[in-house]
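So you can see what is in the structure, the chains are spelled out below.
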Amino acid sequence: MAALPGPSIVFGTAQIIPAVLQSLSSTLAENGFDLIFSNRNSPAAERHILGQAFDGSVRGVVVLGAASLPAYGRRCLIDAEIPVVSLLLDRSAAGIPSVITNDREAMQEGALHLIALEHRSFLYVAGEAGNYHEVERYSGLLDALATAGLSEKAVIRHGGRLGFNEGLQNGVEAAHAFLGMERRPTAVICCADDAAISFIATVRSHGVTVPGDVSVVGFDGAAIGAFCDPPLTTLAQPTHDIGARGAEIMLQFADGACGALPLKTTLSSRLLLRASTGAANETPGHPGAPYPARGVRPKRRL
């Protein structure tokens, strides 16, 4: 079997891809299959991957988080007539079995947690514009606002230029934008843990307390988040289950049971409550005081 992370994958703080790969590899190994890892970082790499797929060197391909399938010249992976499984990105509409997480619903849960803590003004640190996960996660935030009776104007969206692999830089840039605001939102929701971790470190170096002045929520469930100061509240993706389920689907392909395979498997992330979130600071005149509620009384989730 071959595993193909997206182009130029960088294994950053979040470690989502390595954690998925470890589970994928161990499950396949337990069933007698070796995992060949190929990173799509150049046209030569694309050509090599396609060569393996078309000449029968591999029994199947697992694609992790890539926006497109390998292609070179007139060749495309989808034409190699071997099983393909997509992890983290939904390709079910193209007939490719996909294992994904409930990004949208998870982000909604994280935002509702902040709303229950009386936060009414938010900074959202966005991933790359148009990215599948970015679209889903921001939509989840908007769902939470609508559920609480809050306007989209309650959130300031920052970013959209940097990809998820540049999360640390994204968080630093968002922190400097936050520090320059005349009225700062009381809560920050980040598209990924990397951005949340660097955001916290940057604002704390300028005297901002977390969660006293601002609460911060990340997304991924990076192990390092538990050791940050303060420990990071985050939406933890089920990395082990993603890899294991992807391997199980590929093994079913190998057994010829492809007719019974679901095209889309959605696994749930979970909200890990830690010390980076707390009640909104509503002290009059405080730079982090929330924006006026505009006459809307948000709903409270019990």
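A few points on the structure. Nothing here was measured: the structure is a model prediction, and the numbers come from that model.

**Topic: the overall build of the chain**
Of regular secondary structure, the chain possesses 7 helices and 14 strands. Buried residues in the chain amount to 54% of all 302 residues. Residue pairs in contact within the chain that sit at least 24 positions apart in sequence constitute 74% of those at least 6 positions apart. In the form shown here, the chain has an accessible surface area of approximately 13300 Å², with 52% of it arising from carbon and sulfur atoms.

**Re the packing of aromatic side chains**
Centre-to-centre distance and the angle between the planes together describe a pair of aromatic rings. According to the stated counting rule, one finds 2 aromatic pairs in the structure shown. Here the aromatic rings of Tyr-124 and Tyr-138 are separated by 5.1 Å at their centres, their planes lie at 45 degrees, and the arrangement is tilted. Taken together, the residues span a long stretch of sequence, with Tyr-124 in strand 8 (residues 122-126) and Tyr-138 in helix 4 (residues 132-147) at a distance of 14 residues. Relative accessible area serves as the criterion here: at 9%, Tyr-138 is assigned to the buried category. Both rings, one in Phe-178 and one in Phe-199, keep their centres 5.5 Å apart while their planes meet at 70 degrees; by these two values the pair is edge-to-face. A residue pair is termed long-range when its members are at least 10 positions apart, and Phe-178 in helix 5 (residues 167-179) and Phe-199 in helix 6 (residues 193-204) qualify at 21 residues.

**Details of the environment of Leu-263**
Relative to the helices and strands, Leu-263 is located in the loop between helix 7 (239-254) and strand 13 (264-267). Sequence separation of Leu-263 and Asp-90 is 173 residues, and the distance between their C-alpha atoms is 9.3 Å.

**Points about the packing of helix 3 (residues 103-116) against helix 4**
Two numbers describe how helix 3 lies on helix 4: the axes approach to 7 Å, and their chain directions differ by 40 degrees. As far as their axial angle goes, helix 4 and helix 3 are oblique. Helix 4 is crossed by helix 3, and the crossing has right-handed handedness. Each of Asp-103, Arg-104, Met-107, Gln-108, Ala-111, Leu-112 and Ile-115 in helix 3 lies in contact with helix 4, whose residues at this interface are His-133, Glu-136, Arg-137, Ser-139, Gly-140, Leu-141, Asp-143, Ala-144, Leu-145 and Thr-147.

**Focus on the nonpolar core**
Of all hydrophobic cores here, the largest spans 25 residues; its most connected members are Ile-115, Phe-122, Tyr-124, Leu-141, Leu-145, Val-155 and Ile-189. Looking at this core, the elements with two or more residues in it are helix 3, strand 8, helix 4, strand 10 (187-190) and strand 11 (215-220). Looking at this core element by element, the count peaks at 6 residues for helix 3.

**Quick look at helix 6**
Note that an α-helix has 3.6 residues per turn; residues three or four places apart therefore point the same way. The end-to-end C-alpha distance of helix 6 is 16 Å, a good match for the 16 Å that 12 residues give at a rise of 1.5 Å each. By the criterion of burial, helix 6 is predominantly enclosed, with 10 of the 12 residues buried. Taken as a whole, helix 6 has its buried residues at Asp-193, Asp-194, Ala-195, Ala-196, Ile-197, Ser-198, Phe-199, Ile-200, Thr-202 and Val-203.

**A word on the side chain of Gln-52**
Looking at where Gln-52 falls in the secondary structure, it is placed in helix 2 (residues 43-54). If sequence neighbours within four positions are ignored, Gln-52 has contacts with Ile-36, Ser-38, Ser-57 and Val-58.

**Focus: the side chain of Asp-220**
With respect to the helices, strands and loops of the structure, Asp-220 is situated in strand 11. Buried and unpaired, Asp-220 has Arg-137 as its nearest opposite-charge partner, separated by 4.1 Å. Within the structure, the side chain of Asp-220 is placed 2.9 Å from the side chain of Gln-237, a separation counted as a polar contact.

Conventions adopted
Residues numbered from 1 in each chain as written. Predicted model: local features only at pLDDT ≥ 70, side-chain atom pairs only at ≥ 80, totals over all residues. Heavy atoms only, no water. Helix = DSSP H or I, 4+ residues; strand = E, 2+ residues; numbered from the N terminus. Buried < 20%, exposed > 50% of the residue type's maximum accessible area, 1.4 Å probe, protein only. Contact = heavy atoms within 4.5 Å. Areas by Shrake-Rupley, 256 points an atom, 1.4 Å probe, with all protein chains shown as cover. Phe/Tyr/Trp six-rings, centres within 6.5 Å; stacked < 30°, edge-to-face > 60°. Axes fitted to C-alpha atoms, helices over the stretch in contact; angles between N-to-C directions. Parallel < 35°, antiparallel > 145°, perpendicular 65-115°, else oblique. Left-handed = near helix turned anticlockwise from the far one by under 90°. Core = buried A, V, L, I, M, F, W, Y, C linked by side-chain atoms within 4.5 Å. Expected span 1.5 Å × (residues − 1). Lys, Arg positive; Asp, Glu negative; His and termini not counted. Salt bridge = Lys/Arg side-chain N within 4 Å of Asp/Glu carboxyl O. Polar contact = N/O pair within 3.5 Å; in protein donor to acceptor, adjacent residues only side chain to side chain.

The analysis is restricted to geometry; functional conclusions fall outside its scope.
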